[in-house]
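Descriptive structure summary
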Amino acid sequence: MAVLQHELTLSQAADLLSRALPGHRVEILQGRLTATPPPDGSHALSLTKLGRAFDRAGIVEAGYGYVQGVGLWLPPLPDDCAMPDFSLVDEDFRDALVQKNCYAPNVFRLVAEVTSSNWSDDLGPKVECYAEAGIPVYLVADRKHDEVLVHRDPVNGKYPAPERYRRGQSVPVPESVGVTLELSVDTLLDGD
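Applying the stated criterion to the full structure yields one cavity of 30 Å³ or more. Lining the largest cavity are Ser46, Leu47, Leu50, Ala112, Glu113, Val114, Leu139, Ala141 and Leu188. Elements with a contribution of two residues or more to the lining of the largest cavity: helix 2 (41-57), strand 9 (108-114) and strand 10 (137-142). In terms of residue class, the lining of the largest cavity is built from seven nonpolar, one polar and one charged.

On to the environment of His145. Looking at where His145 falls in the secondary structure, it is placed in the loop between strand 10 and strand 11 (147-152). For His145, a relative accessible area of 37% puts it in the partly exposed group. Once the C-alpha coordinates of His145 and Trp119 are considered, the two residues, 26 residues apart in sequence, prove to be 9.6 Å apart. For His145, the contacting residues outside a window of four places in its chain are Trp119, Leu123 and Arg166.

Now for the side chain of Ser87. Relative to the elements of secondary structure, Ser87 occurs in strand 6 (residues 86-90). If near-sequence neighbours (up to four positions away) are discounted, Ser87 is found in contact with Gly65, Tyr66, Val67, Phe108, Leu110 and Val111.

Before going further, it helps to spend a moment on unusual backbone geometry. With an omega dihedral of 10 degrees, the bond running from Pro75 to Pro76 counts as a cis peptide bond. Despite not being glycine, Asn101 shows a phi value in the positive range, around 65 degrees. Looking at the element boundaries, Asn101 is found in the loop between strand 7 (97-99) and strand 8 (102-103). Using a relative accessible area of 58% as the deciding quantity, one classes Asn101 as exposed.

In this section: the sheet that holds strand 11. Taken in spatial order, the six strands make up an open sheet running 3-6-9-10-11-12, and their pairing is mixed. A single partner strand is all that each edge strand has here, and the edge strands are strand 3 (64-67) and strand 12 (163-165). Here the strands of the sheet are splayed against their neighbours by 15 degrees on average, with no regard to which way each runs. Judged from the six bridges that link them, strand 10 and strand 11 form a sheet pairing that is antiparallel. Note on strand 11: the bridge partner recorded for Asp142 is Glu147.

What counts, and where the lines are drawn
- All residue numbers refer to position in the chain's written sequence, counted from 1.
- Per-residue local features of the predicted model are confined to residues with pLDDT of at least 70, and side-chain atom pairs are confined, for both listing and counting, to 80 or more; whole-chain, interface and lining totals are unaffected and use all residues.
- Each side-chain value is worked out from all heavy atoms of the structure, with water and hydrogens disregarded.
- Points on a 1 Å grid over protein atoms alone make up a cavity when a 1.4 Å probe fits among them but cannot get out, and a pocket when they form an open set with protein on both sides within 12 Å along at least five of seven lines; lining residues each have an atom within 4 Å of a point.
- Grid points are joined across faces, edges and corners, and a volume is the space filled by probe spheres set on the points.
- By definition, any uninterrupted DSSP run of H or I lasting at least four residues is a helix, any uninterrupted run of E lasting at least two residues is a strand, and each is numbered from the N terminus.
- For this scheme, ten residues count as nonpolar: Ala, Val, Leu, Ile, Met, Phe, Trp, Tyr, Cys and Pro. Four count as charged, namely Asp, Glu, Lys and Arg, and the remainder, Gly too, count as polar.
- Burial status follows relative accessibility: with a 1.4 Å probe on protein chains alone, a residue under 20% of its type maximum counts as buried, one over 50% as exposed, and anything between as partly exposed.
- Contacts are assigned to residue pairs with any non-hydrogen atoms lying within 4.5 Å of each other.
- Any two strands with at least two DSSP bridges between them are considered paired.
- Angles shown run from 0 to 180 degrees and are taken between the N-to-C directions of axes, each axis being a line fitted to C-alpha atoms and, for helices, limited to the stretch in contact.

This is how it looks when you write it as structure tokens:
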């Protein structure tokens, strides 16, 4: 009996993996397929409190919104797509759909990641991908190394060295985001 083999594209493999691993976040970064398990409670609380802080700062009145886990299309590879934990987006971001629930990078003002088991992706490939995509601000609550990193203002597809914040400090959100806000490092790391 002959066996037919069918080679899958990365996008097709990602779709299959998403169905096989419900609740996991499946991304394609720099042509590499990744799957991250669901977040823990502290991770989820950090994102909830981040959203509340932006609400209090008036993000909606400034003409922006925030979403969790929405797809961000990453040029230049056609299938690359990340799903940041938290994103500040233009109010009309849904008009910038590129493909498969991924939106064009120009509608993202800030993306944030709270590290989990995939911390090396958040600190490596995503820094490069988000800079290449021109994301103005990339905030990482790095629970592995107990600090918050702020990458901003990419030039020629690269972020300058990140600003680093430790426990007990506050992180000033860059004014380019559209609101004035300081975030607690402890809250970003622990969700408390």
